[in-house]
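Each chain, written out:
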Amino acid sequence: VLAASFDVHWNKRWVTNLGWQGVQFNGSEVQAIKDFNGEIVNFKPYVQDGSEQLLNVGMTYHFSKQSFLSAQLNGFHRQDEIPSVTDYRWKQWTLLYVMNF
């Protein structure tokens, strides 16, 4: 696992947010093979080899010490070396307004 984040403060109100996290994985285990009744009848090898990436980019505007507005773009990508597993990815916009009392 490797993670990094970076905030750039342009002045007292504006902040640029950048973040990234990466995970590499590989290994093997066994999976149970079950019959019609759900009873385990055998085991088969299961091997995983792949990576996951999470990215965050956004801007934050501080109205005061108690409130801010943040717009973020988050993205995720999972890639597996096994041909039967499809790559999985998503992107999401987030708009967050925070008021602390």
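Before any of the text, the structure's been laid out above.
To start, this report covers the structure provided alongside it. None of these values were measured; they are calculated from a predicted model.

### Some thoughts on the overall build of the chain
Along the chain, the regular secondary structure elements total zero helices and five strands. Along the chain direction, N to C, the helices and strands of the chain fall in the order β-β-β-β-β. By the compact-globule yardstick of 13 Å for 101 residues, the chain is too spread out, its C-alpha radius of gyration being 21 Å. Considered along the principal axes of its C-alpha atoms, the chain spans approximately 65 × 25 × 20 Å. For the chain, buried positions account for 19% of its 101 residues. Once local pairs closer than 6 in sequence are excluded, the contacts in the chain between residues at least 24 apart make up 43%. Of the accessible surface of the chain, which amounts to about 8100 Å², a share of 58% is contributed by carbon and sulfur atoms. Distance between charge centres in the chain, computed from 8 positive and 9 negative side chains, equals 19 Å.

### Observations concerning the pattern of salt bridges
Side-chain pairing between opposite charges can occur once the charged atoms of the two side chains come close. Applying the stated criterion across every chain, the model contains two salt bridges. With a shortest N-O distance of 3.2 Å, Arg-78 and Glu-52 are connected by a salt bridge. Placement of the pair is Arg-78 in strand E4 (residues 67-80) and Glu-52 in strand E3 (residues 40-62), with a sequence separation of 26 residues. In this structure, Asp-80 engages Arg-78 in a salt bridge whose closest nitrogen and oxygen atoms are separated by 3.3 Å. Via salt bridges that share partners, Glu-52, Arg-78 and Asp-80 belong to a single interconnected network.

### Some details on a nonpolar patch on the surface
On the surface, a cluster of nonpolar side chains totalling about 540 Å² of accessible area is made up of Leu-2, Phe-6, Leu-18, Trp-20, Leu-55 and Val-57. Within the residue set of the nonpolar patch, elements represented by two or more residues are strand E1 (2-9), strand E2 (14-34) and E3. Considering the arrangement of structural elements, one finds Leu-2 in strand E1.

### Remarks on the environment of Tyr-97
Mapped onto the elements of the fold, Tyr-97 is located in strand E5 (residues 88-99). It is 4.4 Å that separates the C-alpha atoms of Tyr-97 and Leu-69, two residues lying 28 residues apart in sequence. With sequence-adjacent residues up to four places away left out, Tyr-97 is seen in contact with Phe-63, Ser-67, Phe-68 and Leu-69.

Procedures and definitions
- Residues numbered from 1 in each chain as written.
- Predicted model: local features only at pLDDT ≥ 70, side-chain atom pairs only at ≥ 80, totals over all residues.
- Heavy atoms only, no water.
- Helix = DSSP H or I, 4+ residues; strand = E, 2+ residues; numbered from the N terminus.
- Rg over C-alpha atoms; globule rule 2.2 N^0.38 Å.
- Buried < 20%, exposed > 50% of the residue type's maximum accessible area, 1.4 Å probe, protein only.
- Contact = heavy atoms within 4.5 Å.
- Areas by Shrake-Rupley, 256 points an atom, 1.4 Å probe, with all protein chains shown as cover.
- Lys, Arg positive; Asp, Glu negative; His and termini not counted.
- Charge placed at Lys NZ, Arg CZ, Asp CG, Glu CD.
- Salt bridge = Lys/Arg side-chain N within 4 Å of Asp/Glu carboxyl O.
- Patch = residues over 30% accessible without salt bridge, like charges linked within 9 Å, V, L, I, M, F, W, Y side chains within 5 Å.

Such coordinate-based values are descriptive only and should not be taken to indicate function.
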